[in-house]
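Notes for the structure review
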Amino acid sequence: KGLEKFDKAGGEISKLASVASFFVSRVDTAVDKELEIKKNKELIGKIAIANSKVAFEYSNEIFSSQRWKLLAAKGARVQRLLWASTGTKNPNFKDTIYVDELIGKDTVNTMPPATIDAFVDHGIVKETLSEGIDESKRQINKLKDLGISLDEITNKLLVDGVKSFSDSFTSLLKSLEQKVEKIKE
């Protein structure tokens, strides 16, 4: 919708690029706490990847629509999915799980240094993101059946994440202001 508005206003949509950022391991950390309360071990460590795979499928639907094709013909670029928080927090999980399972076209994976090192050492470079979509949907439905709301969890992560970024930005501005004042002295 934003690209359409920008195009209609005379903007050059071929010069725009963007990402849609998704927390990954943080989803599992939050969901797994709820699963432990429900005494469900079957879904531990699976929902973050399932959520990402379903988002990837949805993204592919959007970017194969007729509406998108009209924008692409004018040079619009696909909005890439960005996998954030892909370091493994649970020591029981493979250290590259969130990289190995989320490799796909038009995606970006932001990895902490330890995850990069681990992936270089023993990661598998293979398109995996489009595999297991039906199983991912079943896992998310099982989560609903347990009375756990993925929407509530991801909304809370969004709010907390935005607050964290905002707090960091405010802290940076205060630090810069203090440095400017010292320079003025």
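The rules behind these values
Residues numbered from 1 in each chain as written. Predicted model: local features only at pLDDT ≥ 70, side-chain atom pairs only at ≥ 80, totals over all residues. Heavy atoms only, no water. Helix = DSSP H or I, 4+ residues; strand = E, 2+ residues; numbered from the N terminus. Contact = heavy atoms within 4.5 Å. Core = buried A, V, L, I, M, F, W, Y, C linked by side-chain atoms within 4.5 Å. Buried < 20%, exposed > 50% of the residue type's maximum accessible area, 1.4 Å probe, protein only. Axes fitted to C-alpha atoms, helices over the stretch in contact; angles between N-to-C directions. Parallel < 35°, antiparallel > 145°, perpendicular 65-115°, else oblique. Left-handed = near helix turned anticlockwise from the far one by under 90°. Phe/Tyr/Trp six-rings, centres within 6.5 Å; stacked < 30°, edge-to-face > 60°. Pairing = 2+ DSSP bridges.

With respect to the side chain of Ser59
Mapped onto the fold, Ser59 is located in helix α3 (residues 47-62). When residues no more than four places from it in sequence are discounted, the contact partners of Ser59 are Gln79 and Leu81.

Some thoughts on the nonpolar core
General note: in soluble globular proteins, nonpolar side chains tend to be found buried as a group. Counting residues in hydrophobic clusters, the biggest one holds 27 residues, and the most contacted among them are Val27, Val31, Ile47, Tyr98, Leu143 and Leu150. When residues of this core are assigned to their parent elements, the largest contribution, five residues, is made by α3. When residues no more than four places from it in sequence are discounted, the contact partners of Tyr98 are Val24, Ser25, Asp28, Ala48, Ile49, Thr86, Gly87, Thr88, Phe93 and Asn109.

Side note on the packing of helix α2 (residues 25-37) against helix α8 (residues 150-184)
Where α2 meets α8, the closest approach of the two axes is 10 Å, and the angle between their N-to-C directions is 130 degrees. Judged on the interaxial angle alone, α8 and α2 are oblique. Along this stretch, α2 crosses α8, giving a crossing that reads as right-handed. Together, Arg26, Val27, Ala30, Val31 and Glu34 of α2 and Leu150, Ile153, Thr154 and Leu157 of α8 make up the contact between the two elements.

Some points on the packing of aromatic side chains
Inspection of the entire model under this criterion finds two aromatic pairs. Between Phe22 and Trp83, the aromatic rings sit 5.6 Å apart at their centres with planes inclined by 55 degrees, giving tilted as the arrangement. Of this pair, Phe22 sits in strand β1 (residues 19-23) while Trp83 sits in strand β2 (residues 80-84), and the two are 61 residues apart along the sequence. A relative accessible area of 25% places Phe22 in the partly exposed class. On the basis of relative accessible area, Trp83 is assigned to the buried category, the value being 0%.

So, the pairing of β2
Consecutive side chains along a regular strand alternate between the two faces of the sheet. For β2, a buried count of four out of five residues is recorded, marking the element as mostly surrounded by other parts of the structure. As defined by bridge partners, β1 adjoins β2 across five bridges and the pair is classed as parallel. Bridge pairing in β2 places Ala20 opposite Leu81.

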